[in-house]
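Here's the letter readout for the chains.
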Amino acid sequence: FKRGGYQFTFNRRTGEFESILADKIELLKKPLRFNFMRSPTDNDSPKGDWFNAHLHDYDTKVFNTNIQVIENDIVIVVKESFGWNINQPFLYGTVIYRINHQGALFVRFDFTATSKLAQLPRIGLRFFLDKSFNKVEYLGYGPTESYIDKHQSCYVGKFTDKVEKMYEPYIRPQENSSHYDCRYVKISSPKITLEFSGADPKTGNVHNLSFNASEYTQEELWSKKHNWELEKCGNTVLCVDYKMSGVGSNSCGPALAQKYRIQLPKVQGEVQIRFK
């Protein structure tokens, strides 16, 4: 598909964008996928359930894909489920991708969780970008990491930073350096800027996002026992979360309070992506 000087390649079998070209420059180092997993923190007692449900290495099963042109917008409707093919999926539902005439991409999802899943650590999109995407700007809680239940040491403002400086080197690698309640997030290379925002599909109102930008994958973080063992992946990994669960205190205290969880079984949202 070509819109607004951008070219999109969509795989109907996997239900994913495999390529986004801007002036013949490839933006995606890997296909664009939904992201439901985080590298477990010390407080993430449900992590065994997350791995057992295969949030970390899920397969997609695409039941139907419909592509239309509506008022010059390309609209792709995908009905799919997430989970290992031999197991009960942990989520199923519908994703609507819309590319407008300017090349902006809108990703709307309407998912239902199955009994396979009691808690969902995050829901959003994960981008593998060229490492030249190293400048970040956001309007939200900063300058240090923040979560829905951990942000009183931060304040709301407009912040800029380099990706390599946004990592929090916990001795035992784990989820780190997310930023909560962001009205927008921008990540830039010398040639192009990607801007992200969120919307509530029920009301159309702005929905603030969380995000994490890192030189490390979440897989690298959960597979190593010490921070000095970590190896950079060679890309900029950007996680744009419609919602991120709180981190809680369950290593030595109560389970995460309901108000800080992603409310299940219905999960709906929209992430908007503009290229500048």
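### What to know about the sheet that holds strand β18 (residues 266–275)
Logical step 1: Taken together, the 9 strands give an open sheet; going across it, the order is β6-β7-β8-β9-β18-β15-β14-β11-β12, and neighbouring strands pair in antiparallel fashion. Of all the strands in the sheet, the pair left with one neighbour each is β6 (59–70) and β12 (155–162). Put simply, the sheet's adjacent strands are angled 20° from each other on average, direction ignored.
Logical step 2: When strand β15 (residues 193–199) meets β18, the two strands line up antiparallel, connected through 6 bridges. Within the sheet, the bridge partner assigned to L194 lies in β18 and is F275.

### Concerning the nonpolar core
Logical step 1: Core analysis: the largest hydrophobic core is formed by 59 residues, its most contacted members being F17, F34, F36, Y97, F127 and F196.
Logical step 2: Among the elements that make up this core, the one with the highest residue count is strand β9 (residues 105–113) (5 residues).
Logical step 3: Sequence-distant contacts of F196, that is, excluding residues within four places in its chain, are made with F127, R183, Y184, V185, I187, L209, L238, V240, Q272 and I273.

### Quick notes on the side chain of D44
Logical step 1: By the element assignment, D44 lies in the loop between β5 (33–35) and α1 (47–52).
Logical step 2: D44 gets classed as buried once you look at its relative accessible area, which sits at 5%.
Logical step 3: At 2.9 Å, the side chain of D44 forms a polar contact with the backbone nitrogen of T41.
Logical step 4: Once residues lying within four places of it in the same chain are set aside, the contact partners of D44 are R38, S39 and W50.

### Quick look at empty space enclosed by the protein
Over the atoms a probe the size of a water molecule is rolled, and this reveals where empty space is left.
Logical step 1: Across all of its chains, the model carries 2 cavities of 30 Å³ or more by this definition.
Logical step 2: As a volume, the largest cavity reaches approximately 150 Å³.
Logical step 3: Lining the largest cavity are 19 residues; nearest its centre among them are N176, N212, S214, Y216 and L221.
Logical step 4: Elements represented by at least two residues in the lining of the largest cavity include exactly β16 (209–214), α2 (218–223) and β17 (235–244).
Logical step 5: Looking at the lining of the largest cavity element by element, the count peaks at 3 residues for β16.
Logical step 6: Looking at the lining of the largest cavity residue by residue, the classes come out as 8 nonpolar, 7 polar and 4 charged.
Logical step 7: Within this model, the second largest cavity holds a volume of roughly 40 Å³.
Logical step 8: As for the second largest cavity, its lining consists of T14, G15, E16, R33, F34, Y58, T60, E80, F82 and Y97.

What counts as what
Residues numbered from 1 in each chain as written. Predicted model: local features only at pLDDT ≥ 70, side-chain atom pairs only at ≥ 80, totals over all residues. Heavy atoms only, no water. Pairing = 2+ DSSP bridges. Helix = DSSP H or I, 4+ residues; strand = E, 2+ residues; numbered from the N terminus. Axes fitted to C-alpha atoms, helices over the stretch in contact; angles between N-to-C directions. Core = buried A, V, L, I, M, F, W, Y, C linked by side-chain atoms within 4.5 Å. Buried < 20%, exposed > 50% of the residue type's maximum accessible area, 1.4 Å probe, protein only. Contact = heavy atoms within 4.5 Å. Polar contact = N/O pair within 3.5 Å; in protein donor to acceptor, adjacent residues only side chain to side chain. 1 Å grid on protein atoms, 1.4 Å probe; cavity = no way out; pocket = protein on both sides within 12 Å on 5 of 7 lines; lining within 4 Å. Points joined across faces, edges and corners; volume = space filled by probe spheres on them. Nonpolar A, V, L, I, M, F, W, Y, C, P; charged D, E, K, R; others polar.

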